Amino acid sequence: MVQGSTNWNTELTQEWLQNYVDDWVTFYRKHTADGELASYIPELEKADAGSLGITIIGNNGMTIRSGDVETPFTIQSISKVFSFIVACMERGVSYVLSRVDVEPTGEAFNSIMHLEMKQIEKPFNPMVNAGAITVTSLLKGRTSDEKLRGILDLLERILGYRPTIDVDIYESERDSSLRNRAIGYFLLETGVLESDLNITLETYFKQCSINITVDDLARLGMVLANDGMDKLTGEEIIPRQIARLAKVLMLTCGMYDASGKFAAYVGIPAKSGVSGGIMASTPPRVREEILPFMDGCGVGVYGPSLDAQGNSIAGIRLLRHIASHWDFSIF
């Protein structure tokens, strides 16, 4: 494995960067043994626990891909970023924030304890399940397919193709998500939801079951890194204010109850999902030395073996290593 300081001024070719990433993926793949698959969703337990892959896409189009990048997986909680964005685009930022807050919780992503104990009027943020289910209820549409359309339309504009739903994962989540149903009933009782509970939950399970790849996550992350602008096409896809707000939520709440440590040690906006995906956004940055992807990039990571917080255990370690060596931190 590559160690020590590196003179990036003389080594910033794609071949050099590819060799480094290949070495790092090989090294961190063994860390998959330290985690476990998401067994509480039966279909997710069928994944290969030893998988690890990463894609980095720069604003200039340079792409580094290494490891298990061809493996499709479901977007899971990363969808919360895009349901929030779509809700803000459809209903307005002020209205959405009147229904869900932007504060970190320090609790597990599927916790409902803080909702009742603190007697809050709205969920803490859109990245925990209670907040995400609330946001899903705000999406326009009378049926789950109509509500889902806005999310799929946005993803299609960015990715260039329309993602599909993994029916097996959807049915597995629908049939096993007792905790999310409990959260939904609590939100219904407190008057937070704006659409029928069953339609809201059906939409939520479907949005989490959208199929993507690490390449997709990297491209999504790149658009967010540039405040909603696709630098490869010159198109503004997401309004700047909404894209920036989404990145703030990713940085402060995107890695569940490990968000604070991730912000401290990695320092870039990111969102994880229990299928093992991580989407990260590195904006353009100014440094005295020349470093890889100085003009910004999007990063997609896949590693289904999870840590205790529900994040890809090898994926986080790989991303932390790259962010440290290439100084991705926004701080």
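Structural data are supplied above this passage.
Since the model is a prediction, treat every value here as computed from it, not as a measurement.

Visitor: Explanation requested: the overall build of the chain in the structure shown.
Guide: The helix and strand tally for the chain stands at 13 helices and nine strands. Against the 2.2 N^0.38 benchmark of 20 Å for 331 residues, the chain shows a C-alpha radius of gyration of 19 Å, consistent with a compact globule. Taken over the C-alpha atoms alone, the chain extends approximately 60 × 40 × 40 Å along its principal axes. In the chain, 70% of the contacts between residues at least 6 apart in sequence involve partners at least 24 apart. By element, 48% of the accessible surface of the chain is carried by carbon and sulfur atoms, the whole surface being about 13,400 Å². Between the mean site of the 30 positive side-chain charges and the mean site of the 42 negative ones, the chain shows a separation of 5 Å.

Visitor: Hey, could you run me through the pairing of strand 8 (residues 277–282) in this one?
Guide: Strand residues, when the strand is regular, have side chains that alternate between the two faces of the sheet. A large share of strand 8 lies buried, amounting to six of its six residues. Burial of strand 8 is two-sided: the residues Gly277, Met279 and Ser281 facing one way and the residues Ile278, Ala280 and Thr282 facing the other way are all buried. Connecting the antiparallel pair strand 7 (residues 270–272) and strand 8 is a turn made up of four residues, with Gly276 showing a positive phi of about 110°. With six bridges connecting them, strand 8 and strand 9 (residues 297–302) associate as antiparallel partners. Its bridge partner lying in strand 9, Thr282 is registered against Cys297.

Visitor: Sorry, what's going on with the sheet that holds strand 8 here?
Guide: Sheets are built from strands that pair by backbone hydrogen bonding, the pairs being arranged parallel or antiparallel. One open sheet accounts for five strands, arranged 2-1-9-8-7; its pairing is antiparallel. The open sheet terminates on both sides in strands that have one partner only, identified here as strand 2 (63–67) and strand 7. Neighbour-to-neighbour, the strand axes of this sheet turn through a mean angle of 10°, independent of strand direction. Examined bridge by bridge, strand 1 (residues 53–58) and strand 2 share five bridges and lie antiparallel to one another. For Ile54, the partnering residue across the bridge sits in strand 2 and is Ser66. The strands that helix 10 (residues 214–225) touches are strand 1, strand 2, strand 8 and strand 9; relative to strand 9, the one it contacts most, it runs at about 150°.

Calculation notes
Residues numbered from 1 in each chain as written. Predicted model: local features only at pLDDT ≥ 70, side-chain atom pairs only at ≥ 80, totals over all residues. Heavy atoms only, no water. Helix = DSSP H or I, 4+ residues; strand = E, 2+ residues; numbered from the N terminus. Rg over C-alpha atoms; globule rule 2.2 N^0.38 Å. Contact = heavy atoms within 4.5 Å. Areas by Shrake-Rupley, 256 points an atom, 1.4 Å probe, with all protein chains shown as cover. Lys, Arg positive; Asp, Glu negative; His and termini not counted. Charge placed at Lys NZ, Arg CZ, Asp CG, Glu CD. Buried < 20%, exposed > 50% of the residue type's maximum accessible area, 1.4 Å probe, protein only. Pairing = 2+ DSSP bridges. Axes fitted to C-alpha atoms, helices over the stretch in contact; angles between N-to-C directions.

Just geometry here; none of it tells us what the structure is for.
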